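The residues making up each chain are set out below.
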Amino acid sequence: MLKPGHYDVCIVGGGLAGLALSIQMAKLGYTVSLFEKEQYPFHKVCGEYISMESWNFIESLGVPLAQMNLPHITKLQVSAPNGNLLTAPLPLGGFGISRYLLDDTLKNCAIKNGVLVIENSKVEDVQYTGDGFSVQTRQGIFTSTLCFGSFGKRSNLDIKWKRPFVLHKNNKLSNYVGIKYHIITKAAEDSIALHNFKNGYCGISKIEDNKFCLCYLTNAANLAAHQNSIQQMEQAVLKKNKHLRQLLEQSEQLFTQPISISQISFNKKAQVQDHIILLGDAAGMISPLCGNGMSMALHAAKIAAALGHLFLQNKLSRQQLEATYVQQWKKQFASRLAAGRLIQSFFGKVWITNIFITCMKRMPFLTRWLIRQTHGQPF
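This text gives an overview of the structure that appears in the document.

What to know about the overall build of the protein chain
Stage number 1. When its secondary structure is counted, the protein chain shows 12 helices and 17 strands.
Stage number 2. For the protein chain, whose C-alpha radius of gyration is 20 Å, the value lies close to the compact-globule estimate of 21 Å for 379 residues.
Stage number 3. Each of the three principal axes of the protein chain carries a C-alpha extent, and together these read 60 × 45 × 40 Å.
Stage number 4. Burial analysis of the protein chain (379 residues in total) assigns 58% to the buried set.
Stage number 5. If you take every contact in the protein chain between residues at least 6 apart in sequence, the share linking residues at least 24 apart comes to 72%.
Stage number 6. As presented, the protein chain carries roughly 16,600 Å² of accessible surface, and 51% of it is formed by carbon and sulfur atoms.
Stage number 7. For the protein chain, the distance from the average site of its 40 positive side-chain charges to the average site of its 23 negative ones is 9 Å.

Rendered as structure tokens:
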């Protein structure tokens, strides 16, 4: 029977950042508990493309990527709503793997390293007690010296804590809807494609077992204008892009129903909340136009683990831990997120996107520059 108790580290949320952090801290010899509200394995709304910058780090966590026969992605394709298609090389490249497979593999690595992984566990509140944290869950109250939050794009904790991005009025960077399918299709296996449509864009890339991930983002108003029917919106809006029309009409969908998420916001977020260190989308929602949300979440976990280790060794004060984490997080990711928000502000309006893609085709140096802004280096 599970008995709540005291841990060196408690982690709220078992996505990539949370799992990667838990494994690192356990390997350093600390007691770690991780809370995930779902049951592994499960699907998430996610593009499922990872830059090669993360390959060595993921393998260091215990995931045998080299043995998993994963598709390698070396090209980027971007289409405008009018069908105009840009193709460019990805110098570093990436690979495809579903969150269903990767998260479950990381969970097993965490358990193997001694992490207490508590599934089907919704964290109802976290409070700083002056020298540690009290984590209130449906399984009881856990305490810890350090607490990290890796609970995704929007959670009950964001609302409970009244984080500013939750209170913002809807604007061009908020109130998005994400839709995801796994499909069987004949799309290019070595490319990640980004197909634009009115008020949104759709990414597609190959993952394991000859499947493809098709995931798109649009604003809530676009869905509401079509009676909140995903099928009607796809028929009336997405299929106006000939590449999307071909994908949607000539693919076998592997889900009975698409996976969806609403109220997505790309507004800025704080990286520390009431002394809780935040990672991944909880620290700053990563625009799909950055291309590397999963890599950025994993990199943040590496930064957090190194600093958490110093704190637990009494080499950093809590204030120094928090300040240094924010400083390093911004150094690594702030410009990439800003670039994603800037690019995103151009996309959505049909005529602007059509012109933007035309300009990018005529000025390949601009395309190369944008790719550099949204990709990092191996860590």
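Back to the text.
What about the environment of L16?
Stage number 1. With respect to the element layout, L16 can be found in helix α1 (residues 16-27).
Stage number 2. Residue L16 is classed as buried on the basis of its relative accessible area, which comes to 4%.
Stage number 3. The spatial distance from the C-alpha of L16 to the C-alpha of L337 is 18 Å, given a sequence separation of 321 residues.

Remarks on the state of the cysteines
Stage number 1. Evaluation of the coordinates by the stated rule reveals zero disulfides.
Stage number 2. Here C46 is not disulfide-linked; the sulfur of C213 is the nearest cysteine sulfur, at 6.9 Å.
Stage number 3. Free cysteine: C109, not disulfide-bonded; nearest cysteine sulfur from C46 at 18 Å.
Stage number 4. For C109, a relative accessible area of 10% corresponds to the buried category.

What about unusual backbone geometry?
Stage number 1. Cis rather than trans, the peptide bond between Y40 and P41 has omega equal to -10°.
Stage number 2. Its place among the elements puts P41 in the loop between β2 (32-35) and β3 (49-51).
Stage number 3. Of note, the phi angle at E48 is positive, near 65°, even though the residue is not glycine.
Stage number 4. With respect to the element layout, E48 can be found in the loop between β2 and β3.
Stage number 5. In this structure E48 comes out as buried when scored by relative accessible area, which is 1%.
Stage number 6. The backbone of N228 sits at a positive phi, close to 55°, despite the residue not being glycine.
Stage number 7. Tracing the sequence through the fold places N228 in the loop between α6 (220-224) and α7 (230-236).

Reading the values: rules and limits
Residues numbered from 1 in each chain as written. Predicted model: local features only at pLDDT ≥ 70, side-chain atom pairs only at ≥ 80, totals over all residues. Heavy atoms only, no water. Helix = DSSP H or I, 4+ residues; strand = E, 2+ residues; numbered from the N terminus. Rg over C-alpha atoms; globule rule 2.2 N^0.38 Å. Buried < 20%, exposed > 50% of the residue type's maximum accessible area, 1.4 Å probe, protein only. Contact = heavy atoms within 4.5 Å. Areas by Shrake-Rupley, 256 points an atom, 1.4 Å probe, with all protein chains shown as cover. Lys, Arg positive; Asp, Glu negative; His and termini not counted. Charge placed at Lys NZ, Arg CZ, Asp CG, Glu CD. Disulfide = S-S within 2.5 Å.

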